[in-house]
Number of protein chains: 2
Amino acid sequence: MINDELRNEIVPIYKRIVRDLEHGARDDFNLCFFDLHNYDQAKVYQALPPQLRHQLIEWVDPSDLADVFDLIEPEVVEEDQLLSEMTPRYAADVLNDMYIDNVVDVLDEMTEDKQEHYLQQLSTANATELRHLLSYEDQTAGALMTPEYVAIKSSASIVEALALVKQVAEESEQISYIYVVEQDKLIGVISLRSLIVHPDHEKVKDVMTQSLVTVLPNDDQEMVARLMADYDLVAMPVVNEQNKMLGIIMIDDILDVIEAENAEDYERFAGVHNLDLEESPFQSIMKRLPWLIILVFLGLGTASIINHYDQLVQKMSVLAVFISLITGTAGNAGTQALAVSIRRITLKEKKGIFRMFFTELLIGLSIGMITGGTILLVVWVWKANFLLGLAVGLAMAGAITVANLAGAFVPLLMESLKIDPAVASGPFISTLSDLTSVIIYFNIASWILNVWF
Amino acid sequence: MINDELRNEIVPIYKRIVRDLEHGARDDFNLCFFDLHNYDQAKVYQALPPQLRHQLIEWVDPSDLADVFDLIEPEVVEEDQLLSEMTPRYAADVLNDMYIDNVVDVLDEMTEDKQEHYLQQLSTANATELRHLLSYEDQTAGALMTPEYVAIKSSASIVEALALVKQVAEESEQISYIYVVEQDKLIGVISLRSLIVHPDHEKVKDVMTQSLVTVLPNDDQEMVARLMADYDLVAMPVVNEQNKMLGIIMIDDILDVIEAENAEDYERFAGVHNLDLEESPFQSIMKRLPWLIILVFLGLGTASIINHYDQLVQKMSVLAVFISLITGTAGNAGTQALAVSIRRITLKEKKGIFRMFFTELLIGLSIGMITGGTILLVVWVWKANFLLGLAVGLAMAGAITVANLAGAFVPLLMESLKIDPAVASGPFISTLSDLTSVIIYFNIASWILNVWF
């Protein structure tokens, strides 16, 4: 998401490439550009001004540019924009030559109109396959997989398998595993390493592993990522309920998923969306301000509650002393509960809602009573006033219990109401808990003080 | 970190294995156990009661158990404990047969005494290598790398290279890339895919890629992770300043790094350490409580400031109305700045400290003035009191500016003082900002009201 700039080592080469493009020095351009790693080629391509990209397109074949586009992150870069700079024919050639799972990612970021526009220019076979892959829901195994894997029959010999790998290695995105498929069903897997180690005449079926780890196309991408990390897999096969082989998911796509999911968690929690370390101060301000202003109006609700108890504060100004202690502590407890809750949602840890409610109620009450008891003692000693201590302590206990439940359940509520759960960030929970804490505090205080004074 | 339980599919097999171990049914045990994926074997092994693990060790060779231990996460599981259940000879055999980078991870988690104990039982060559790898600082490329890679001379032919790969495939952890090394220096790389695709008689030097991406042994693991994700690499070569090849870092270790670094970021921010979704309510309470209680005492500082201005509040109880609005909003601004700052630290984004100071000052002032201006208007209209509005608005602007700077710089300060930066969590920053906000608020209020009333 970050690090959009050229690596330092690349900068001089970039400058030379710019010069070559400007002066029509094609031979020197070829020397420089094709010596770069595809990823650096991608960075250079993106950094060029549009008219030089135009020049570059004239010199570079679509199939070579496809290798470059395979290394661009479509979530970060407007590939759509880059493609629209090309002639439709050239753009279609690039897409035809890219790995199909990467094309899916590119198309996924477009409007449906544009998607259709590109699909119609692609080869029929490719377009059909793409339409199928695009039909899987976002963030599922199906949306991540590629149908470009190597399959073989169990009766084949090792030497036949190696010959097959040799034949398809050029187009297949990965050849670390060869999948053993009989009548469309996945029955085993054999690693390229095993193929190389075993004698030529042995049969695939005697060498293959049958302890398979597979996922279904509707499985969540986070679960796929966890399985691949646990089992140390470089590719994960996707099968349907009948164990029919549908495709594979590659480790490099999973790396991107893990990065994206973690960033999402973090930003969601912090209430800073699309965190970008390269942004200008103005962009930072425009990103952080709206959320703050919305919360100010929620905070005004809290202010109006205190305002409602103005007479009580006039009578006992010492009540004002403990407002921020109670709201602050409850907010902290709510933030802790929120962190756990967001993690639970990401990991799809579904416990029974009632069990969770009672667990969190128990945790909140325990933390609340211990903290409230502590503060009761402190206030009693400090202000030599047991009833004030009792009011503050009870309010603290109540406020913490409520904030703890809010931190735990507000994100679940947002999730089930299909509201963007990013709304339930730390700042939101602590501002909300300010409101409930103040209500609890002044109700308890006015009750205790009215009864005893 | 999570998901310590057996997968549902494994549970019946686990039960059968328990029965086999209890009844001495070795043949059936072999059938069940060796049919499992190494990762599931590891889970089963850990789930067994100690006396059955004992039985299992008698039936399973150290070399087979080494494959199982290669799949255990040493950060999560006490492998030390597991090893101590074996005879010293057996434990040494397991360690000797594991991949060396995994042994480093296991030893890294032990006390130095125990490390030494195991090192002395290992083969001399292995122990020397291990001591060298253990000398690299934690969380660097050196600490993650393994010296077990495949190297070849550039003058070799493809067929020679393939023969070499075949020969070492059994012991090498990865064979996707073969590194071309001349006089110890890394000069190129060739993928197994290229080896397979190219005709036998071609030379490695004509086929190899020279656009290498490498890291130094002291480079931070987070940087390695980013490069591997960007360049879609399955293995990353580690070289020294003279380009001497030292080892490679594998993608599966990087997956673990990314998970760990992200969890660290998140927990640091949330103030919930060692987040564990499986913990009991009692464990949750014991984990969350200490931090809350510490912050309560910081909150009492805030309370005593308000207490200091008790006379002012008695005179103008309306001041109490806006305490939580100001502390809450400043806390929210501080939390946003903190999120950005923690990300910056993790990614080692070092901007000039002065430039950063002025940027954050500018952001804080702008956000503060806009929010303060809004609140000035609201309070002026609501309370029909311009001076009160001015006091609250100015206090809000000042409190936000300070909280913004605190959120940005407190983690940097902790980092440079070598204090655990986890201390600078969201709850800490908002409690700290309560204190500064209240100081600013009452100073401004008493000044304005003393001057004009």
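Chain A is annotated in an unreviewed UniProt entry as Magnesium transporter MgtE of Weissella coleopterorum. Recorded in UniProt for chain A, the comment headed Subunit (unreviewed entry) runs: "Homodimer." You can read under Sequence similarities (unreviewed entry) in the UniProt record for chain A the words "Belongs to the SLC41A transporter family."

Draft legend 1. A look at the domain arrangement of chain A. For chain A, the assigned domains are domain 1 (8-143), domain 2 (151-259) and domain 3 (281-452). Distance from the C-alpha centre of domain 2 of chain A to the C-alpha centre of domain 3 of chain A: 52 Å.

Draft legend 2. Quick look at the UniProt feature "domain: CBS" (unreviewed entry) in chain A. Residues and elements named next belong to chain A. When the UniProt feature table is mapped onto this chain numbering, "domain: CBS" (unreviewed entry) sits at residues 145-207 and 208-264. Secondary structure content for residues 145-207 is 33% helix and 24% strand, while the C-alpha to C-alpha distance between its ends is 26 Å. What you have in residues 208-264 is 44% helix and 19% strand, and the ends, taken at the C-alpha atoms, are 39 Å apart.

Draft legend 3. Layout of helix α10 (residues 124-134) of chain A. All names here are of chain A. Listing the buried residues of α10 in full gives N126, A127, L130, L133 and L134. Buried positions in α10, seen along its axis, are confined to an arc of 125° and lie on one side of it. Of the residues in α10, the exposed ones pointing more than 90 degrees away from the buried face are T124 and A125.

Draft legend 4. Examining the sheet that holds strand β1 (residues 151-152) of chain B more closely. All names here are of chain B. Overall, mixed pairing links the three strands, which are arranged β1-β2-β3 in an open sheet. At either end of the open sheet lies a strand with only one pairing partner, and these are β1 and β3 (185-191). Where strand β2 (residues 177-182) and β3 come together, six bridges link them in antiparallel fashion. Bridge pairing in β3 links E182 to K185.

Draft legend 5. Layout of the pattern of salt bridges. All names here are of chain A. In this structure the tally under the stated criterion is 12 salt bridges over all chains. We note a salt bridge from E116 to R131, for which the minimum N-O separation is 3.0 Å. Here E116, found in helix α9 (residues 112-121), pairs with R131, found in helix α10; they are 15 residues apart in sequence, far enough to count as distant. Residue classification places E116 among the partly exposed positions, given a relative accessible area of 29%.

How each quantity is defined
- Residues numbered from 1 in each chain as written.
- Chains lettered and ligands numbered in written order.
- Predicted model: local features only at pLDDT ≥ 70, side-chain atom pairs only at ≥ 80, totals over all residues.
- Heavy atoms only, no water.
- UniProt positions renumbered as here; feature names shortened; annotations may be inferred.
- Domains from an automatic or database assignment.
- Helix = DSSP H or I, 4+ residues; strand = E, 2+ residues; numbered from the N terminus.
- Buried < 20%, exposed > 50% of the residue type's maximum accessible area, 1.4 Å probe, protein only.
- Arc of directions from axis to C-beta.
- Pairing = 2+ DSSP bridges.
- Salt bridge = Lys/Arg side-chain N within 4 Å of Asp/Glu carboxyl O.

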